[in-house]
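Chains, contacts and geometry: an overview
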Amino acid sequence: MVKSVNSGSAILVEGGKPLKGTVAISGAKNSALPIICGSLLSSNTVVLENIPLLKDVYWIIEVLTALGARCEFNNGTVTIDPTKVNSYSASYEFVRRMRASFLVLGPLLARFKKASVPLPGGCNIGPRPVSEHTEAMKQLGANVDLDKGIVHASAKKLVGATVAFNIPSVGATENVLMSAVFAEGTTVLENCAEEPEVEDLVNFLISMGADIEKAGSRRLVIRGVKELSQKSPYRIIPDRIEAGTYILAIASTAGEGKVINCNPHHLTTFLDKLSDSGIPIEIGEREIWVKGPETFSPMIIHTHPYPGFPTDLQPQTVALLTKASGVSSVTDEIFPQRFSYVPELQRMGAKIELGGSKATIHGSTDKLTGAPVQGTDIRGCAALVIAALMAKGKSIVNGFEHLERGYENFLEKLLALGAEVSLVDRSTKINDK
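This report concerns the structure included in the present document. (Residues numbered from 1 in each chain as written. Predicted model: local features only at pLDDT ≥ 70, side-chain atom pairs only at ≥ 80, totals over all residues. Heavy atoms only, no water.)

**Here's the deal with the pattern of salt bridges**
The full count for this structure, using the stated rule, is 17 salt bridges. Notably, a salt bridge pairs Asp 56 with Arg 405, separated by 2.6 Å at the nearest N-O pair. On the criterion of sequence distance, the pair formed by Asp 56 in helix α2 (residues 55-67) and Arg 405 in helix α13 (residues 400-406) is long-range, its members being 349 residues apart. The pair formed by Asp 56 and Arg 405 is uniform in burial state, with each residue classed as buried. Between Arg 240 and Glu 197 there is a salt bridge, with the nearest N and O atoms lying 2.8 Å from each other. With a gap of 43 residues between them, Arg 240 in helix α8 (residues 240-252) and Glu 197 in helix α7 (residues 196-207) connect regions that are remote in the sequence. One exposure class covers both Arg 240 and Glu 197, and it is buried. (Salt bridge = Lys/Arg side-chain N within 4 Å of Asp/Glu carboxyl O. Helix = DSSP H or I, 4+ residues; strand = E, 2+ residues; numbered from the N terminus. Buried < 20%, exposed > 50% of the residue type's maximum accessible area, 1.4 Å probe, protein only.)

Put into C-alpha cells, the structure is as follows:
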C-alpha cells in the first residue's frame, strides 16, 4: 500500500516494487539559478516561468531580496523587480548555502562596476575553484582580490577582451558572460561550456536585448550594449537531470513509464548508453518512454562536459549498474570526489571498487538489501533512493534536505509512479515501521 507523506528529514522506502506510470519534468534548476541572477541586469521587472519550487530557488531569491530586489514566487512564476537593488555586497549568510549564489558577481560587477561576494558553499562533491571566474573578469579590466573569504571586484569600466577558459566551466562561462554584456566593445569567450543551461541563459539575455552570438564550438561573442529590459515573460527549459533520474529509477526497478515535458535532445549521450546496454528507450518530441529489463549489459562510462555523459547523472547510473549482468566502470574526472555515496551502496550489498576517479561495479542479479544510509549531496542522495527502490526490504535514506534542493515534489512524483515511500523522522529505525 502506498504510504502518505509525513513531515521529517529521512525517506523510508519499501523496495522491490516496479515503478510504472507517467512523470512530468519540472523546470531546470541549473537554468533557473543563473537566470534569476541575470535578472539583476534588467532595467525593468522580469517575469520567469517554469521555475521549480526548490530550496535552492528560494535561497537565490533571498540573495536578491537582500540586495534590494523585490521578488514574488507564485505557482512556478517568479517576478523580480531589480530596479530597487541598492547594494553590490552579497551576504555570507545566504551565499554559504549553495555555489550558484556566486553567480551574482558578474551581474553586480556589470551593473555597479563593483561587487563583493563571499566564496560559495554548496554540495560537498570536491573542490570547485573560482579562479576561472575571477581571472576572466580581470581580463575585462576588473580589479579582483580575495580578502577574508570575500571576492571584491571593481572597475572604472569593463572593456571587451578575448578570454580563453582553461576548462569549459559552466559557472565561469555564465558569470563572465553576464559581466560582459555591458562591457565596452566586443568580448570573445573561448572554450566555453555548452550545457543547455548555459544556452538557456544566453537566450534569456538575448531576449532582453543582449548582443550575443554563438560563433562555432565553445565560442561566444558578446558585443556590449547600454541596457537590457524584458519585453515578455521568459520560460526556462525542462530539467534534464531530473528527467534522467526518473528514467534510471524506472529502469532500475524493472518498471515501465513515460517521462514527459522534457527535451530528449539534451540527454542524447545518456540515452544512447542506456539503449546500447539493452534498456529499451523510445523518444518522442517532448517525452521519453523506458522499460526496465530484468537483465542488461554492463557499461563503460566517462563523464565529460556537455554533450558528454553528465556528471550529475553519474551517481544514479552507478546505482542502476549494480544489477547489470557483468562488470561496469564509471570514471568521473570532473568531480572525482563525487563517489562519497559508494560506501552507503556497499552497506546495501553493492560490490563496488573505488580507485581514484574510477568506480568498478560488479553487477549482480541478486537484489540489494535494505539498510539505513546517509546522503551527503543532491545527486548522491538520489542514487541512494534509487538503490533503496531496487532493494529487498526497507531502507531509510537520510538527507532529504539535499533532495529538496534539486528535485521538485520528489516524493509526490515517486508516489505517483507506485513507489512505497514516506518521510519519517531522522531518528526512525527500520524496525520501528
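**Some words on the packing of aromatic side chains**
Tallied over the entire structure, the rule returns six aromatic pairs. Plain terms: the ring middles of Tyr 246 and Phe 410 are 6.1 Å apart, the flat faces sit at 35° to each other, and that makes the pair tilted. Highlighted residues: Tyr 246 in helix α8 and Phe 410 in helix α14 (residues 410-416), separated in sequence by 164 residues. With a relative accessible area of 1%, Tyr 246 lands in the buried category. Assessed through its relative accessible area of 5%, Phe 410 is described here as buried. Measuring from ring centre to ring centre gives 6.4 Å for Phe 339 and Tyr 341, while their planes differ by 35°; the resulting arrangement is tilted. Looking at Phe 339, the relative accessible area reads 4%, which means it is buried. Pairwise contacts between aromatic rings join Tyr 246, Tyr 407 and Phe 410 into one cluster. (Phe/Tyr/Trp six-rings, centres within 6.5 Å; stacked < 30°, edge-to-face > 60°.)

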